[in-house]
Amino acid sequence: MTTSTMKKSHSQWSSRMGFMLAAAGSAVGLGNIWKFPYMAGEMGGSAFVLTYLIFMFVIGLPILVMEWLIGRRGQKNPIHTMEDVAASEGRSRSWRWVGIIGVLGSFLILSFYSVIGGWATDYIFLAGKGVFLNANGEITGQIFTDFLGNVNHLLTWHTVFMAATAFIVAMGVGAGLERACKVMMPGLGILLLILVAYAAYVSGPAFGESFKFLFTPNWSAINGTAVLAALGHAFFSLSLGMGIMMAYGSYLGKDVNLLSTARTVVILDVLVAMLSGLAIFPLVFANGLQPGSGPGLIFVTLPIAFGNMAGGTILGVLFFIFLTFAALTSSISLLEPTVELLEEKTPLGRKAATIVSSVIIWALGIACLLAFNEWADVKLFNKNIFDLLDYLTSKIMLPVTGLGTILFGGWMMKQTLIKQELNLSPTWFTVWTFLTRFIIPIAVILILVYGFMPEN
Ligand code: PHE
């Protein structure tokens, strides 16, 4: 190999690596470790899990590629990218609405994401203090209930998490955080593996039971609600439908292979979620806990493991540190679009734009936080504020913008260009076109329609 080709392949590698880290950093987060297990538990297990897996590859992956591809062509923030790419294809500028709804979605999601990020941060200290030592499910459940009841405490940690997110975005030190994550992410993976092994070891038959619960097809449990939830979660967990991946695409070099990079990100994202499910459900079944107990699931189950395994205190502290970092790499990606938009549309500079957006998101976060205690009974459409925001974003806004993206890529863009960008053989190109023009849009529309049928 000559020096020049060596240099070239090296620089390609490092840019692809940096990009992968940012994309995986945004994708892997609380969605995989906190949200996936409790949703699987609420939706009856395998029917949800298998549907989610199928959607990740058949719908999520192509949309991820499409967002990167559009972003790489537009080279701007999501709203202007959509507007410009549409204009260059001779299409209406109204396509910018895909970007606008996306930014709004990221704004709303961050408000509750920060609350849960605060829980993860606080659990670092709870684990460190040894409060889980020898605890069983009843005790960890009680600790979590007391924790949720302490509004000042929750508010403090929500504030700390949001401030940390704002600090990183304002200072533009995201790259430093990503480097830290180079160590933390594999660390999180190893800890999850240890937890799965531990769960398999101590919970005996409950491990097989969880495996069955998560993976043995049980299609009778499937209904419109579960399918819509699985679709929404595929978008949420890949950070799709918010223009975030589109923005990342604008930093992408022409030499990066979109399809293979997307495949790696999807596989990583899925692996973390599956490991997390396999670590949690054996503890749920072995301790007689309820799989459908909701957003507190990991905070009630994993501490049982940390309280009873050798070296559990230190592993617990490490686990929640890694989780907090994984949450931070996602939360900075959630804050960025709003900040960018304010920076462009108002006279505010980057720091001021960050402060203004963060304060508004933080205030909305307080309303979500109160939904877990004092405002638990404040309901709109029969949902508390946290559930309402989650529903509005994951089940409506993300699928709608995802649909917009795929319709735009499938029908509005010149397909020869896409064929070139993706470097597809004629056969694969036919598959790709069929998927993006027909299968995905029709599937998403049907899922939205069935998901909203009154009997669901
Ligand atoms: N994908 C992140 C997670 O799984 C959450 C997220 C959603 C981040 C949307 C950015 C955009 O935790």
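Relevant structure appears above.
This report concerns the structure included in the present document. (Residues numbered from 1 in each chain as written. Predicted model: local features only at pLDDT ≥ 70, side-chain atom pairs only at ≥ 80, totals over all residues. Heavy atoms only, no water.)

Focus: the overall build of the protein
And step 1. For the protein, the count of helices and strands is 18 helices and 0 strands.
And step 2. Relative to its length of 456 residues, the protein is compact, with a C-alpha radius of gyration of 22 Å against a globular reference of 23 Å.
And step 3. Residue burial in the protein is summarised as follows: out of 456 residues, 59% are buried.
And step 4. Of the contacts formed within the protein by residues at least 6 apart in sequence, a portion of 81% connects residues at least 24 apart.
And step 5. Taken as a whole, the protein presents about 18400 Å² of accessible surface, with 68% of it coming from carbon and sulfur.
And step 6. Measuring between centres, the 25 positive side-chain charges of the protein sit 13 Å from its 22 negative side-chain charges. (Helix = DSSP H or I, 4+ residues; strand = E, 2+ residues; numbered from the N terminus. Rg over C-alpha atoms; globule rule 2.2 N^0.38 Å. Buried < 20%, exposed > 50% of the residue type's maximum accessible area, 1.4 Å probe, protein only. Contact = heavy atoms within 4.5 Å. Areas by Shrake-Rupley, 256 points an atom, 1.4 Å probe, with all protein chains shown as cover. Lys, Arg positive; Asp, Glu negative; His and termini not counted. Charge placed at Lys NZ, Arg CZ, Asp CG, Glu CD.)

Description of the environment of Leu252
And step 1. By secondary structure assignment, the location of Leu252 is in the loop between helix H11 (244-249) and helix H12 (258-286).
And step 2. Remark: the alpha-carbon pair of Leu252 and Gly18, spanning 234 residues in sequence, is separated by 9.9 Å.
And step 3. Sequence-distant contacts of Leu252, defined by excluding residues within four places in its chain, comprise Phe19, Trp68, Arg72 and Leu258.

Description of empty space enclosed by the protein
And step 1. Enumeration over the complete set of coordinates arrives at 4 cavities of 30 Å³ or more.
And step 2. Its volume calculated, the largest cavity comes out at about 120 Å³.
And step 3. As for the largest cavity, its lining consists of 13 residues, of which Ser26, Tyr113, Phe236, Ser239 and Leu334 are closest to the centre.
And step 4. The set of elements that each furnish at least two residues to the lining of the largest cavity consists of helix H1 (3-27), helix H5 (96-128), helix H10 (224-237) and helix H14 (312-345). (1 Å grid on protein atoms, 1.4 Å probe; cavity = no way out; pocket = protein on both sides within 12 Å on 5 of 7 lines; lining within 4 Å. Points joined across faces, edges and corners; volume = space filled by probe spheres on them.)

Examining the packing of aromatic side chains
And step 1. Overall, the coordinates contain 31 aromatic pairs when judged by the stated rule.
And step 2. Aromatic side chains Phe48 and Tyr52 sit 6.3 Å apart centroid to centroid with 5° between the ring planes, which places their arrangement in the stacked category. You can see Phe48 and its partner Tyr52 sitting in helix H3 (residues 46-74), 4 residues apart, about one turn around the helix.
And step 3. The class for Phe48 is buried, based on a relative accessible area of 0%.
And step 4. In this structure, Lys419 packs its charged tip against the face of Phe429, placed 5.7 Å from the ring centre.
And step 5. Across from the ring centre of Trp411, 4.2 Å away, lies the NZ or CZ of Arg437, which sits over that ring. (Phe/Tyr/Trp six-rings, centres within 6.5 Å; stacked < 30°, edge-to-face > 60°. Lys NZ or Arg CZ within 6 Å of the ring centre and 35° of its normal.)

Side note on the environment of Val85
And step 1. Along the chain, Val85 falls in helix H4 (residues 78-88).
And step 2. Of the residues examined, Val85 reaches a relative accessible area of 3% and is grouped as buried.
And step 3. The spatial distance from the C-alpha of Val85 to the C-alpha of Tyr450 is 32 Å, given a sequence separation of 365 residues.
And step 4. What Val85 contacts, discounting residues up to four positions off in sequence, is Ile70, Arg73, Gly74, Phe408 and Met413.

Focus on the nonpolar core
And step 1. Trp34, Trp68, Trp119 and Phe319 are the most contacted members of the largest nonpolar core, which has 156 residues in total.
And step 2. Apart from residues no more than four positions distant in its own chain, Trp68 is found in contact with Phe19, Ala23, Met245, Gly249, Leu252, Leu258, Thr261, Ala262 and Val265. (Core = buried A, V, L, I, M, F, W, Y, C linked by side-chain atoms within 4.5 Å.)

Examining the site of the ligand
And step 1. In the vicinity of the ligand lie 15 residues, with Ala27, Gly31, Tyr113, Phe236 and Met242 positioned nearest.
And step 2. Within the backbone of Leu30, a nitrogen or oxygen atom sits 3.1 Å from an oxygen atom of the ligand.
And step 3. Measuring from a nitrogen atom of the ligand, one finds a backbone N or O atom of Ser237 at 3.3 Å.
And step 4. For the ligand, whose free accessible area comes to 320 Å², the fraction covered by protein is 100%.
And step 5. Mapped onto the shell around the ligand, the elements with two or more residues apiece are H1, helix H2 (30-42), H10 and H14.
And step 6. Of the residues contributing to the shell around the ligand, the split by class is 7 nonpolar, 8 polar and no charged. (Near = heavy atom within 4 Å. Polar contact = N/O pair within 3.5 Å; in protein donor to acceptor, adjacent residues only side chain to side chain. Nonpolar A, V, L, I, M, F, W, Y, C, P; charged D, E, K, R; others polar.)

Quick notes on helix H15 (residues 350-370)
And step 1. In a regular helix each residue adds 1.5 Å, so 21 residues correspond to 30 Å; H15 covers 30 Å between its end C-alpha atoms and thus fits that length.
And step 2. Of the residues making up H15, those classed as buried are Ala353, Thr354, Ser357, Ser358, Ile361, Gly365, Ala367, Cys368, Leu369 and Leu370.
And step 3. Where H15 is buried, its residues touch H5, helix H7 (151-171), H14 and helix H16 (385-412). (Expected span 1.5 Å × (residues − 1).)

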